[in-house]
Amino acid sequence: MRSRKQERVMTPKPRLTGEPIMRILCKKTDTLVGFLYQWNNGDLQPAWLDDALAEVRYEPINDAA
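Residues numbered from 1 in each chain as written. Predicted model: local features only at pLDDT ≥ 70, side-chain atom pairs only at ≥ 80, totals over all residues. Heavy atoms only, no water.

**Student:** I would appreciate a short explanation of the overall build of the chain in the present structure.
**Tutor:** A tally of regular secondary structure across the chain gives 0 helices and 4 strands. Across the chain, helices and strands are ordered from the amino to the carboxyl terminus as β-β-β-β. Buried positions account for 11% of the 65 residues belonging to the chain. The contacts of the chain with a sequence gap of at least 6 include a subset with a gap of at least 24, amounting to 40%. For the chain, the exposed surface amounts to about 6,000 Å²; the carbon and sulfur share of it is 50%. (Helix = DSSP H or I, 4+ residues; strand = E, 2+ residues; numbered from the N terminus. Buried < 20%, exposed > 50% of the residue type's maximum accessible area, 1.4 Å probe, protein only. Contact = heavy atoms within 4.5 Å. Areas by Shrake-Rupley, 256 points an atom, 1.4 Å probe, with all protein chains shown as cover.)

**Student:** Explanation requested: the pairing of strand S1 (residues 18-26) in the structure shown.
**Tutor:** It is a general feature of regular strands that their side chains alternate between the two faces of the sheet. As paired strands, S1 and strand S2 (residues 32-39) are joined by 7 bridges and run antiparallel to one another. Of the residues in S2, the one forming a bridge with Arg-23 is Phe-35. The antiparallel hairpin formed by S1 and S2 contains 5 residues in its connecting segment, where Asp-30 sits at a positive phi of about 65°. Two strands pair when backbone bridges link them, and S1 and strand S4 (residues 56-60) are joined in this way by 5 bridges, in the antiparallel orientation. Note on S4: the bridge partner recorded for Cys-26 is Val-56. (Pairing = 2+ DSSP bridges.)

**Student:** Quick question: what am I supposed to make of the pattern of salt bridges here?
**Tutor:** For side chains bearing opposite charge, pairing can occur when the charged atoms are close. A full pass over the atoms with the stated rule returns 4 salt bridges. Note that Arg-57 is salt-bridged to Asp-30, the shortest N-O span being 2.6 Å. Remark: Asp-30 occurs in the loop between S1 and S2 and Arg-57 occurs in strand S4; sequence separation between them is 27 residues. A salt bridge links Glu-59 to Arg-57, with the shortest nitrogen-to-oxygen separation between them at 3.8 Å. A relative accessible area of 29% means that Glu-59 is categorised as partly exposed. Among the charged side chains, a salt-bridge network with shared partners connects Arg-23, Asp-30, Arg-57 and Glu-59. (Salt bridge = Lys/Arg side-chain N within 4 Å of Asp/Glu carboxyl O.)

If you want it as structure tokens, here you go:
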């Protein structure tokens, strides 16, 4: 009798804490339009100040505070 291969179901780690790692800037005006957050589980998520824009660039946030 063959044993059935059991599939391991991985439950994604919940998002508990996030920190901004990049500024999101408009390519045309160079104004701040949002922040890119990295969550404790590794997920990345943009947080827009207004509406999401397509033509943006990302700038690292310096830890020189």
